Number of protein chains: 2
Amino acid sequence: MGNSHLIEGSSVQSVDRALRILEILAEQGEYGVTEIASELEIHKSTASRLMSALQARGLVEQLSDRGRYRLGMGLVRLAGTVTSSHSAVSGSRTVTRALAQEVGETVNIAVLEGNEVLYVDQVIGPSMVTMRSWLGKSVPPHCTATGKVLSAWLDPESRVAARPHTWAKLTPNTITSVSAYEAELAKVRELGYAVANEEMENDFVAIAAPIRDEHDEVIAALCISGPASRIKSADFETLGHIVKLSATKLSGKPDFGRE
Amino acid sequence: MGNSHLIEGSSVQSVDRALRILEILAEQGEYGVTEIASELEIHKSTASRLMSALQARGLVEQLSDRGRYRLGMGLVRLAGTVTSSHSAVSGSRTVTRALAQEVGETVNIAVLEGNEVLYVDQVIGPSMVTMRSWLGKSVPPHCTATGKVLSAWLDPESRVAARPHTWAKLTPNTITSVSAYEAELAKVRELGYAVANEEMENDFVAIAAPIRDEHDEVIAALCISGPASRIKSADFETLGHIVKLSATKLSGKPDFGRE
DNA sequence: AATGACTGTTGCCCATGACGCAACATTATG
DNA sequence: CATAATGTTGCGTCATGGGCAACAGTCATT
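Residues numbered from 1 in each chain as written. Chains lettered and ligands numbered in written order. Predicted model: local features only at pLDDT ≥ 70, side-chain atom pairs only at ≥ 80, totals over all residues. Heavy atoms only, no water.

A. Structural detail: the overall build of chain A. A tally of regular secondary structure across chain A gives nine helices and nine strands. Residue pairs at least 24 apart in sequence account for 55% of intrachain contacts in chain A once pairs closer than 6 positions are excluded. Carbon together with sulfur atoms contributes 49% to the accessible area of chain A, which is approximately 11,100 Å² in total. (Helix = DSSP H or I, 4+ residues; strand = E, 2+ residues; numbered from the N terminus. Contact = heavy atoms within 4.5 Å. Areas by Shrake-Rupley, 256 points an atom, 1.4 Å probe, with all protein chains shown as cover.)

See the structure below:
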């Protein structure tokens, strides 16, 4: 066959194409059938039929009849059940909420998805200054406390795979070399928590600690974040230990299906 | 062909099967290949290959090698972009948060998905700590203020389609007849807002108003909810108008793709 | 208004890719 | 240790997905 864009391990062509459509829509927001067809290098009609299949299950919806498509609310419904079946997130509300009130800052839970950090749950702190909602958003690991935590305890091979593609220098403090990054990860392993001090954007500070499963594997990161004016470097150690303690409470829980 | 479980309009068999797998996993939490195969009445090998395709794109993940499957975090990532591209939700935080502070109650945004009400965004009020727990959860329309709002302005045909399958009597106040329900919807159209007074569960009251798009179509519902001890029937009218006002602020915004 | 270029959708028919079979590798269970 | 589960994988066939082209609406230009 001509264009074998098939991802490794994915053996069902039409399904893979349908899922790539979802990814494209996630990036582009809205897209027409023709645009998708040319992107995937398939025929209009094929794309149209794939869209119908996705639409029938509510994963995409078209704006008007015979119009463009975008992702559908069915995805929200599916995603809602994801977090509840994940041990790191399910039943975590008591802990995260208590943490948010204790430190007065926004609390997040994040996992590693490929080489990006994906925020899967969030509690916004009492402050008036609301950061944007991060749920479902992903960021590179090298400039975030969560990214450092999720990378630090990986075996060397996976750690390389989890590195960012490009070491974008987002602020003066951003780490942009492999050696400095590895040194930072070693420090994270030693301390048991990670700090990102204005490394992703100015005036934005975060502190994260690992959530582990029953086998002591790091499966997620618990994170607090806020403006530099409230989270000062003198408080890093105290806050680090508080986050570590909360993360420990969330650790060691076995997986369960639906609860 | 033997078992034509194909949903109306879905013309690609393998894609439809893959999406049904996602729905099954959403219900069951975890499932093995064999269980899925018997559920869909397909062969183990087929199910296994479909799972591989889903896994390659991160929509499902298996717990251990050669183990069971569950929904994956890729769904969270996809769902995260859904709300931001929906006009009713994107940029709504300012309004919802202000409303939550004004009335001191939890604020939700919901949309209609088939014949269920799907909560797509939430701000919890009284504690001044925002969190998302209903996200992705759905409830029947006949016992909720959001459901009434989302049904009230539908054309008669769609209104029938949006009716619940079973009129479960969840509390003494639950509406359980079509005629009473239609009368209630007429009242909602007249008032411009809906009330659910302990109709889903005891001590739980909600008030909702419609969010409209630029063509005045109702695309979502804005809702406040809280215990009956705080939201008394004497306040329904005042609160109804407040919710209506906030909903108007969220209305009329054109769709945009990615912003 | 009428034209033209653009959408997305749909029957048709062929070949391709998805499916069922069965043998395999593993892990749980007695 | 044996038995019975599980999930995975080559293989061959036939259903089925996909390319073609005609169709039907929509928008922009004239």
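B. The arrangement of the packing of helix 1 (residues 13-28) of chain B against helix 3 (residues 44-56) of chain B in detail. Residues and elements named next belong to chain B. Where helix 1 meets helix 3, the axes come as close as 10 Å, and the angle between the chain directions of the two elements is 80 degrees. Looking at the two axes, helix 1 sits roughly perpendicular to helix 3. For the pair formed by helix 1 and helix 3, the contact residues are Ser-14, Arg-17, Ala-18, Ile-21, Leu-22 and Leu-25 on the first element and Thr-46, Leu-50, Met-51 and Leu-54 on the second. When grouped by side-chain class, the residues that make up the contact of helix 1 with helix 3 number seven nonpolar, two polar and one charged. (Axes fitted to C-alpha atoms, helices over the stretch in contact; angles between N-to-C directions. Parallel < 35°, antiparallel > 145°, perpendicular 65-115°, else oblique. Nonpolar A, V, L, I, M, F, W, Y, C, P; charged D, E, K, R; others polar.)

C. Spotlight on the protein's contact with DNA strand D. As a matter of local geometry, DNA strand D sits amid 23 residues, with Thr-46 of chain A together with Gln-13, Gly-32, Val-33 and Thr-34 of chain B nearest to it. Backbone sugar and phosphate groups make up 70% of those atoms of DNA strand D lying within 4 Å of the protein. Here a phosphate oxygen of DNA strand D and a side-chain polar atom of Thr-46 of chain A are 2.4 Å apart. Between Gln-13 of chain B and DNA strand D, the recorded distance is 2.9 Å, taken from a side-chain N or O atom to a phosphate oxygen. Within the residue set of the surface near DNA strand D, elements represented by two or more residues are helix 1 (13-28) and helix 3 (44-56) of chain A together with helix 1, helix 2 (33-40) and helix 3 of chain B. Broken down by element, the surface near DNA strand D gets its largest block of residues, four residues, from helix 3 of chain B. (Near = heavy atom within 4 Å. Polar contact = N/O pair within 3.5 Å; in protein donor to acceptor, adjacent residues only side chain to side chain.)

D. How the structure looks around the packing of helix 6 (residues 145-152) of chain B against helix 8 (residues 178-191) of chain B. Residue and element names in this part refer to chain B. Close contact between helix 6 and helix 8 brings their axes to 9 Å; oriented N to C, the two are set at 80 degrees. By the angle class used here, helix 6 and helix 8 are roughly perpendicular. Counting all contacts with helix 6, which are made through Gly-147, Lys-148, Val-149, Ser-151 and Ala-152, the residues of helix 8 involved are Tyr-181, Glu-184, Leu-185, Val-188 and Arg-189. For the contact of helix 6 with helix 8, the class distribution of residues is five nonpolar, two polar and three charged.

E. Main features of the pattern of salt bridges. Counted by the stated rule, this structure contains 24 salt bridges over all chains. Between Asp-16 of chain B and Arg-57 of chain A there is a salt bridge, with the nearest N and O atoms lying 3.0 Å from each other. Here the residue Asp-16 of chain B occupies a position in helix 1, and Arg-57 of chain A occupies one in the loop between helix 3 and strand 2 (60-62), the pair thus bridging two chains. The buried category is assigned to Arg-57 of chain A, whose relative accessible area is 13%. (Salt bridge = Lys/Arg side-chain N within 4 Å of Asp/Glu carboxyl O. Buried < 20%, exposed > 50% of the residue type's maximum accessible area, 1.4 Å probe, protein only.)

F. Expanded view of the protein's contact with DNA strand C. In the vicinity of DNA strand C there are 23 residues, among which Gln-13, Gly-32, Val-33 and Thr-34 of chain A together with Thr-46 of chain B approach most closely. Restricting the count to atoms of DNA strand C within 4 Å of the protein gives a sugar and phosphate share of 67%. One of the backbone N or O atoms of Val-33 of chain A is found 2.6 Å from a phosphate oxygen in DNA strand C. Secondary-structure elements contributing two or more residues to the surface near DNA strand C are helix 1, helix 2 (33-40) and helix 3 of chain A together with helix 1 and helix 3 of chain B. The greatest single-element share of the surface near DNA strand C, amounting to four residues, is contributed by helix 3 of chain A. Residue composition of the surface near DNA strand C, grouped by class: four nonpolar, 14 polar and five charged.

G. Fine view of unusual backbone geometry. At Glu-198 of chain A, a position not held by glycine, the phi torsion is positive, near 50 degrees. Inspection of the secondary structure assignment puts Glu-198 of chain A in the loop between strand 7 (194-197) and strand 8 (204-212). Not every positive phi belongs to a glycine, and Asp-203 of chain B is a case in point at roughly 65 degrees.

H. Layout of the sheet that holds strand 3 (residues 69-71) of chain B. Residue and element names in this part refer to chain B. Taken together, three strands build an open sheet; the order of strands is 1-3-2 and the sheet is antiparallel. Looking at the sheet topology across the chains shown, the edges are occupied by strand 1 (30-31) and strand 2 (60-62). Bridge analysis of strand 1 against strand 3 gives two bridges, and the strand direction is antiparallel. By the bridge assignment for strand 3, Glu-30 is matched with Arg-70. (Pairing = 2+ DSSP bridges.)

I. How the structure looks around helix 5 (residues 93-103) of chain B. Here helix 5 of chain B has its buried residues at Val-95, Thr-96, Arg-97, Leu-99, Ala-100 and Val-103 of chain B. Directly beyond the C-terminal end of helix 5 of chain B, a positive phi value near 70 degrees is found at Gly-104 of chain B.

J. Molecular detail of the sheet that holds strand 3 (residues 69-71) of chain A. Residue and element names in this part refer to chain A. Strand order in this open sheet of three strands is 1-3-2, and the pairing throughout is antiparallel. If you trace the sheet from one side to the other, it starts and ends with strand 1 (30-31) and strand 2, each paired once. In terms of strand pairing, strand 2 meets strand 3 through three bridges, oriented antiparallel. By the bridge assignment, Gln-62 is partnered in strand 3 with Tyr-69.

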